[in-house]
Amino acid sequence: MTRQPQTLNDPHFVAVPVTGYTRNDGRRVMSWITYAWQAFKTGRRLPRPDVVYASTPHILAPVAGWALARLHRARFVLEVRDLWPEAMVSLGYLRRGSLPHRLLRGLEVWLYRRADRIVMVADGWRDYFADADIDPSRLEWVSNSAEPADFYPRPDVYRPLRDRVPVRGRLFVYAGSHGPINGLNPLLDAATQLPEHTFVLIGDGHDKHALAARAQAERLTNVHFLNPVPKDELRAILGGADIGVHILTDSPVYAKGASPNKMYDYMAAGLPVVNNCPGEPDQLLADSGSGLTVPTAELAAGLRKFADLDDAALIEMGRAGRRHVEQHRSRSVMAARLQRMLDGLVDDNNR
């Protein structure tokens, strides 16, 4: 089955057909291959670019980017959003040292060494690139981000979050994927220990059905699952919660660095955050004064600590987080960093 490209109203984007998949098996890999090939074919027909910018939602997309850059004699920028294949090893999908791992690791390093610049979303990954003998001067940190101006309630357009579920006590919200990497069972464990408070999980993913079934079997009436909502709607309702929850499964790959989108969304919406991920997420909350990091085993205690704070304390923490994102981690701030780097590459190429 081939997924045909959808019609896009934005002339800056071109959709390409890819093969479909429903599981993490060979069909997903085939989808990656067809995307890389279709992207390359489409890029050949476009006007010559100064820079080809390729990102890694999967590792084959940058292969197409490198090929187009060579074809057009353009600069090649590689954006690393996930550490491939390190993430697959850490999460148990790939055995370190196996033939597939060696092949993917070889491709990864090959791409790194051919990129004119490497954009990394997590600053903590510098040591990882150093282990691959990548010149630090070719690295550029451009974090994931959020624009606080986008996060305002729109009760005239979107139904407020508190009107969608029955709420008692504090309202905790988790908005994001419900998959193995998110490790949401500890959040349900915490919900069993805080029955006087309300938990809303917004999104979808591989584990959502099992999580909902568990909540029903254990009669967790304080836990509610909502289907994914469009980004504009999420921005408009997120601030209706009291506290945002950022949680990831305990995995060595996250100790190397992380740049969690949902945390920036919470902070931009003015929510204080309880987080279980060490490293950069913890440092971000400490620098902004907008949250608390606890080990996964102590998640319930951390949530209770925040639930027991008065409204004024929570509101002030939320405002501090919003200010920090606006000044240091907004899309505008990060876009300016990226623009300076791209402009410099183009200027160098034209000399």
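As the structure is a computational prediction, the values presented were derived from the model and not from experiment.

(A) Representation of the environment of Trp84 within the structure. Mapped onto the secondary structure, Trp84 falls in the loop between β4 (75-80) and α3 (86-90). Trp84 has contacts with Trp32, Thr56, Pro57, His58, Ile59, Glu108, Tyr112 and Tyr128, leaving out every residue within four places of it along the chain.

(B) Seen up close, a nonpolar patch on the surface. Nonpolar side chains collect at one region of the surface, where Val29, Met30 and Ile33 lie side by side and expose about 240 Å² of accessible area between them. Note that Met30 resides in helix α1 (residues 26-44).

(C) Region of interest: the pattern of salt bridges. Taken as a whole, this structure holds 18 salt bridges when the rule is applied. A salt bridge links Arg214 to Asp189, with the shortest nitrogen-to-oxygen separation between them at 2.4 Å. Here the residue Arg214 occupies a position in helix α7 (residues 208-217), and Asp189 occupies one in helix α6 (residues 185-193), the gap between them amounting to 25 residues. Residues participating in the shared-partner salt-bridge network are Asp150, Asp232, Arg235 and Arg331.

(D) Summary view of unusual backbone geometry. Residue Pro85 follows Trp84 across a cis peptide bond; omega there is 0°. If you check the backbone angles, Arg73 has positive phi at about 55° while not being a glycine. Considering the arrangement of structural elements, one finds Arg73 in the loop between α2 (61-72) and β4.

(E) Structural context of the nonpolar core. If you look at the biggest cluster of nonpolar residues, it comprises 52 residues, and the most contacted ones within it are Leu161, Leu187, Phe199, Ile202, Leu238 and Leu303. Setting aside chain neighbours within four positions, we find Leu161 in contact with Leu171, Val173, Val200, Ile202, Leu226, Ile237 and Ala241. One finds Ala54, Val109, Tyr254 and Met341 within the second-largest nonpolar core, a separate group that totals 44 residues.

(F) Representation of the pairing of β4 within the structure. For β4, the tally of buried residues reaches 6 of 6 residues, placing the bulk of the element in the interior. Here β4 shows no split at all, with Arg75, Val77 and Glu79 on one side and Phe76, Leu78 and Val80 on the other all buried. With 5 bridges joining them, strand β3 (residues 51-55) and β4 adopt parallel strand pairing. Within β4, the residue paired with Ala54 across the bridge is Leu78. In terms of handedness, the path from β3 via α2 over to β4 forms a crossover that is right-handed.

(G) Quick peek at α1. In this model α1 runs 27 Å from its N-terminal to its C-terminal C-alpha over 19 residues, within 8% of the 27 Å that 1.5 Å per residue would give. For α1, the set of buried residues is Ser31, Trp32, Thr34, Ala36, Gln38, Ala39, Phe40, Thr42 and Gly43. Considering only its buried residues, α1 is in contact with β2 (18-19) and α2.

(H) The arrangement of the side chain of Asn222 in detail. With respect to the secondary-structure elements, Asn222 resides in the loop between α7 and β9 (223-226). In this structure the side chain of Asn222 is engaged in a polar contact, spanning 3.1 Å, whose partner is the backbone oxygen of Ala191. Here His197 takes part through its backbone oxygen, which lies 3.0 Å from a polar atom of the side chain of Asn222.

(I) Structural context of the sheet that holds strand β6 (residues 139-141). Taking strand neighbours across the sheet as the criterion, the 4 strands line up as β3-β4-β5-β6 in an open arrangement whose pairing is parallel. Both outer strands of the open sheet, β3 and β6, are each paired with one neighbouring strand and no more. Across the sheet, the mean angle separating the axes of adjacent strands is 25° when strand polarity is ignored. Summarising the sheet, β4 and strand β5 (residues 117-120) pair through 4 bridges and their orientation is parallel. Considered in β5, the bridge of Val80 is made with Met120. Against the sheet, helix α4 (residues 99-114) contacts β4 and β5, and its axis sits at roughly 135° relative to β4.

What counts, and at which threshold
Residues numbered from 1 in each chain as written. Predicted model: local features only at pLDDT ≥ 70, side-chain atom pairs only at ≥ 80, totals over all residues. Heavy atoms only, no water. Helix = DSSP H or I, 4+ residues; strand = E, 2+ residues; numbered from the N terminus. Contact = heavy atoms within 4.5 Å. Patch = residues over 30% accessible without salt bridge, like charges linked within 9 Å, V, L, I, M, F, W, Y side chains within 5 Å. Areas by Shrake-Rupley, 256 points an atom, 1.4 Å probe, with all protein chains shown as cover. Salt bridge = Lys/Arg side-chain N within 4 Å of Asp/Glu carboxyl O. Core = buried A, V, L, I, M, F, W, Y, C linked by side-chain atoms within 4.5 Å. Buried < 20%, exposed > 50% of the residue type's maximum accessible area, 1.4 Å probe, protein only. Pairing = 2+ DSSP bridges. Right-handed = clockwise from strand over helix to strand, strands pointing away. Expected span 1.5 Å × (residues − 1). Polar contact = N/O pair within 3.5 Å; in protein donor to acceptor, adjacent residues only side chain to side chain. Axes fitted to C-alpha atoms, helices over the stretch in contact; angles between N-to-C directions.

Scope: geometric values only; no functional claims are made or implied.
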